[in-house]
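Structural description and commentary
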Amino acid sequence: CLQIKWTLSPFVYVLMRWAGMNVLTNERPHVCQSSEEGPTSTSGQPFPWHHMRLPKTVSPLHYDLAIHPNLTTLDFSGVVRIQLEVHRDTSLVILHAKQMQISEALLLAPEGARPLRVLEYPRFHQLALLLDSPLAKGGTYQVLLGFSANLSDSFHGFYKSSYRTSSGEVRVLASTQFEATFARAAFPCFDEPAFKAKFTIQIIREPRHIAISNMPIVKTVELPGGLLEDHFDTTVKMSTYLVAYIVSDFLSVSKTTHRGVKISVYAVPEKIDQTALALDAAVTLLDFYEEYFHIPYPLPKQDLAAIPDFQSGAMENWGLSTYRETALLYDPHKSSPSDKLAVTKVIAHEYAQWFGNLVTMEWWNDLWLNEGFAKFMELISVNVTHPELQVDDVFLGKCFEAMEVDSLPSSHPVSTHVENPVQIQEMFDDVSYDKGACILNMLRDFLTPEAFEIGIIRYLKHFSYQNTVSQHLWESLSNLCSPDHLNKGDRKREEFCSARARHSTASQQWFSDDELDVQAIMDTWTLQEGFPLVTVEVRGREVRLSQERYLKTDDPSLTEGFLWQIPLTYVTSASSTVHRFLLKTKTDVLYLPQEVDWLKFNVDMSGYYMVHYAGDGWNAIIHLLQHNHTVLTSNDRASLIHDVFQLVGVGKVRLDTALDLSLYLSRETETMAVTQGFEELVPLYKLMEKRDMAALENQMKGYIVDLFRGLIDRQNWDDSGSVSERVLRSYLLLFGCVRNYPPCVEKATRLFNEWRASGGHMSLPVDVTMAVFMMGARTPEGWDFLFEKYRTSLQMSVKSRMKVAMAFSPLRDKLAWMLEQSVQGDVMKLQDLPDVVVTVSRNPRGYNLAWDFLRANWHTLIKKFDLGSNIIAYMVTGVTNRYSTTEMLDEVKRFFGSLTEETGSEMRSIQQTYETIQDNIRWMEAHLPELQAWLDKHRPRIV
């Protein structure tokens, strides 16, 4: 039996005094051994709960949290008082705590405070509080826990961050990142999304710092020893992963929305002048979301904080969203249009999470309800508030990225079972975010934007401050005009239903109860992995349709048993009107009013599926693109490029057909189609870079340069034009320089030399800086100059471009040094290490350095970035996804196969890596001779 003497901290006395209670004893009761088999606590005694998930016998109603971080000793202490509601009689309370010392544990009752017996089970991050007498069903009780821990040196929980001023001084701050399962590392709590509660937070700090949290400060109290204690207002009801607080020396700028919500952006003092874009975008976007959701924002303020050390892009903590500096800071003179779009998008994403904060998924299996919806709302909100940024181009690319992962056998359904923290972390991937967004966009197009918006508003209002599953969303989007669901005063829905009744059209037929079952449709997209390939074969006026799973595998049996309800859209040579057809069966036939020269399915890529045009279908498409490509939209052209090359890999289309289609790109000028051309063609030579086949590799590179030579030559080396034109310019000039196209190399090298001669003071056009830096990093002197500018620059977007250029240098000694510096985290931030590793892996002179580095530093990486995180997955797949030999596959398998479950052997990204390399091997074996023959045949035509 374990005996502990309890010494009450000042925190406990404060809270006890507030509660008007006295401590009856300060001795911990004796804990007796039990014969029950099961988990064993740290004390050696049986732990009384056997499950990863918490029991539902009690739930929290309110947390009083007092916390004191010490930024000198880099630790923190605190007390939490939790008000509990009891749902079943119990003598046991199970909650979460991770890597912290519990100094007090008390049950607070009217007759006094009684010590609780405490057992800890670190494997599940659980504490058991044992009571002498049971808590009664229907009652409310309070438990009080004193705790302490070190500030984390990772990017999760309550962690240490730092930055260096321009004078070289290192300043320390403390910030939080609790999603998904890290609130338990900051204070004892019920750390599951369904356990929503209210939080009242107090933070003790030094006068030289400020403290911010989810809610505004209501008062500040002076404490003995010169410390200050900030008291924050009570939050709305929310999950633990949304709690946030920061202690720092940040400065802020503020504005208010139309309805009076105060918006503030916080940053380190020397970067506060880079916050104007974020502040304006935040105000505009919150106004938009209030209008769109028809629900007033429920908090009095919303802060945005740029954290110097931050693993992901941003976090949607309610009232205090946190961001990586590159995701929030923008210099109008140094940042690019892509930077502006990225900052606006990430704010739109985090603000859209108001949807998920208000109505939260019951469990992490439905994470996509938060993240997929937020990714989708980036498209809707930015299109309305910032149409000049042309966000559609980026959104389409995200659907293609999702398909890349979703086409592997190891993919998972959007809604899938997860249990432990590693599995939960793995849910934060392209399937949850990007596929989730793309299927919502498909549903919106199918239902019409008006119906979709009405259904979303209905969902939010009905389930506010509750937890839901996917079914609740589908029910809210169904039967919109049923008399049982029409509420008086819901003017927008009344107007919609009235108009629909008066003007029923073909596009609205899906709303009739006989035709539409939203849940039946969407279950086929959320409860099974993968996506369909629709084969279209035209015979006169008859269009034969069939569906199958698109899957990169050599085992056909893996594609069996899948069926989707697919909202098909199409246009034809005879009609630009978008026609619709719901394909519910494996095969079906539709009939055209007349014979056509061509048809294009999946209009604007609004659906999450690929299309194969059987028979003479692809030849008709190629003929159209070669003679009149602008008949189709840029998105349609991009989707054709994507689909035809992806179909080569599964044997549906010959490689020469796809390459024949690519010839039209010499006349293409639209950003989405051009960039998708690069996305399909560049990987072909990237596979060869890691093999000894320089002749074919250079021939392929030459084809791509010649294909886009005219477009590259027409680019100005300035910052003129629309956002889309400027993004395209930057892309083309960078490609031309990397591929050693002489006019690009000469111009960029000259600009770099002039910039260097000026000491870096000469103003370079923003759109060309990436190409200029890339050329400069090719020499030791240029690399050293770039690094010195990187070290002293305060412009985050400029530093990002310098970092990429240095990591793509041909100088192997510099690459190795850069990798080591990144892991040390002094001059180059540890948060930037994943980008450095992956960029070096894409460098033909550095890919083996990146692979060696990943293996040598594996245990450090999984400690810093956490097992199962998207960052670890990004490095694993990014470093290995262009290998295409059995020798490298064996080497990769030997390393990952040597890991244990505790060090990552069960991660999905490792299986994805194996499958991707196997697919690369199949592609190279099947298509290299065909590629060589096609390039030889077309060489005269493209020179």
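Residues numbered from 1 in each chain as written. Predicted model: local features only at pLDDT ≥ 70, side-chain atom pairs only at ≥ 80, totals over all residues. Heavy atoms only, no water.

**So, the packing of helix α17 (residues 671-689) against helix α19 (residues 723-738)**
If you want to describe how two helices pack, look at the angle between their axes and the distance between the axes. Between α17 and α19, the shortest axis-to-axis distance is 10 Å and the interhelical angle comes to 25 degrees. With respect to their mutual orientation, α17 and α19 come out roughly parallel. In this structure, α17 meets α19 at a crossing whose hand is left-handed. On α19, the residues touching T671, V674, T675, F678, E679, V682 and Y685 of α17 are S724, V727, L728, Y731, L732 and F735. Residues that form the contact of α17 with α19 fall into these classes: nine nonpolar, three polar and one charged. (Axes fitted to C-alpha atoms, helices over the stretch in contact; angles between N-to-C directions. Helix = DSSP H or I, 4+ residues; strand = E, 2+ residues; numbered from the N terminus. Parallel < 35°, antiparallel > 145°, perpendicular 65-115°, else oblique. Left-handed = near helix turned anticlockwise from the far one by under 90°. Contact = heavy atoms within 4.5 Å. Nonpolar A, V, L, I, M, F, W, Y, C, P; charged D, E, K, R; others polar.)

**Comments concerning the UniProt feature "domain: Aminopeptidase N-like N-terminal" (unreviewed entry) in the protein chain**
Here the UniProt feature "domain: Aminopeptidase N-like N-terminal" (unreviewed entry) sits at residues 60-242. Structurally, residues 60-242 is divided into 0% helix and 59% strand, and its ends, taken at the C-alpha atoms, are 15 Å apart. (UniProt positions renumbered as here; feature names shortened; annotations may be inferred.)

**Side note on the environment of S476**
On the secondary structure map, S476 appears in helix α11 (residues 470-476). Assessed through its relative accessible area of 5%, S476 is described here as buried. Separated by 16 residues in the primary sequence, S476 and L460 place their C-alpha atoms 9.0 Å from one another. Leaving out residues up to four positions away in the same chain, S476 has contacts with G455, R458, Y459 and F463. (Buried < 20%, exposed > 50% of the residue type's maximum accessible area, 1.4 Å probe, protein only.)

**Considering the packing of aromatic side chains**
Applying the stated criterion across every chain yields a total of 54 aromatic pairs. Ring plane angle 20 degrees and centroid distance 6.3 Å describe the contact between F787 and Y790, whose orientation is recorded as stacked. Within this pair, F787 and its partner Y790 are both found in helix α22 (residues 780-792), separated by three residues, close to a single helical turn. When sorted by exposure, F787 lands in the same class as Y790, which is buried. (Phe/Tyr/Trp six-rings, centres within 6.5 Å; stacked < 30°, edge-to-face > 60°.)

**As for the sheet that holds strand β27 (residues 587-591)**
Whether parallel or antiparallel, the strands of a sheet pair through hydrogen bonds between backbone atoms. Strand order across the open sheet formed by four strands is β27-β24-β23-β29, with mixed pairing between neighbours. Only two strands of the sheet have a single partner each, and these edge strands are β27 and β29 (610-613). Averaged over neighbouring strand pairs, the angle between their axes works out to 25 degrees when direction is ignored. As paired strands, strand β23 (residues 532-539) and β29 are joined by four bridges and run parallel to one another. Residue pairing in the sheet places V536 in a bridge with Y613 of β29. (Pairing = 2+ DSSP bridges.)

**Comments concerning the confidence of the model for the protein chain**
Low pLDDT marks stretches whose predicted atomic positions should not be read closely. Of the residues in the protein chain, 93% reach a pLDDT of 70 or more, and the chain-wide mean stands at 91. Low pLDDT (under 50) marks residues 1-36, which in the prediction has 78 contacts with non-local residues, meaning those over four places away or in another chain. Predicted confidence is poor over residues 506-514, with pLDDT under 50, and the contacts of this stretch with residues over four places away or in other chains come to 19 contacts. (pLDDT = per-residue confidence, 0-100.)

**Points about the nonpolar core**
By size, the foremost hydrophobic cluster in this structure holds 322 residues, and its most contacted members are F187, Y245, I347, F601 and F896. It is helix α2 (residues 276-293) that provides the largest number of residues to this core, a total of 12 residues. If we ignore the near neighbours within four places in the chain, the residues touching I347 are A278, A281, A282, L285, L304, Y323 and L328. Listed in part, the five residues of the second largest apolar core include L106, L108, A113 and L144. (Core = buried A, V, L, I, M, F, W, Y, C linked by side-chain atoms within 4.5 Å.)

**Focus: the layout of surface pockets**
In this structure, the largest pocket occupies an estimated 1200 Å³ of space. If you go around the largest pocket, you meet 37 residues; those closest to its centre are K98, H125, V422, D866 and L867. Taken together, the elements giving at least two residues each to the lining of the largest pocket come down to β8 (140-150), β9 (157-164), α8 (421-426) and α27 (858-865). Broken down by element, the lining of the largest pocket gets its largest block of residues, five residues, from α8. Of the residues assigned to the lining of the largest pocket, the class counts are 14 nonpolar, 13 polar and 10 charged. Of the voids in this model, the second largest pocket is the one considered here, and its volume is about 920 Å³. Together, 39 residues line the second largest pocket, and S162, Y163, R164, D826 and K829 are the ones closest to its centre. Of all the secondary structure elements, the ones that give two or more residues to the lining of the second largest pocket are β9, β10 (170-177), α3 (325-328), α22, α23 (796-807) and α24 (812-824). By residue number, the principal contributor to the lining of the second largest pocket is β9, which donates five residues. A per-class count over the lining of the second largest pocket returns 12 nonpolar, 13 polar and 14 charged. (1 Å grid on protein atoms, 1.4 Å probe; cavity = no way out; pocket = protein on both sides within 12 Å on 5 of 7 lines; lining within 4 Å. Points joined across faces, edges and corners; volume = space filled by probe spheres on them.)

**As for the side chain of S381**
When you line up the elements, S381 lands in helix α6 (residues 368-385). With relative accessibility at 0%, the residue S381 sits in the buried group. Within the local environment of S381, its side chain forms a polar contact with the backbone oxygen of M377, the two atoms lying 2.7 Å apart. (Polar contact = N/O pair within 3.5 Å; in protein donor to acceptor, adjacent residues only side chain to side chain.)

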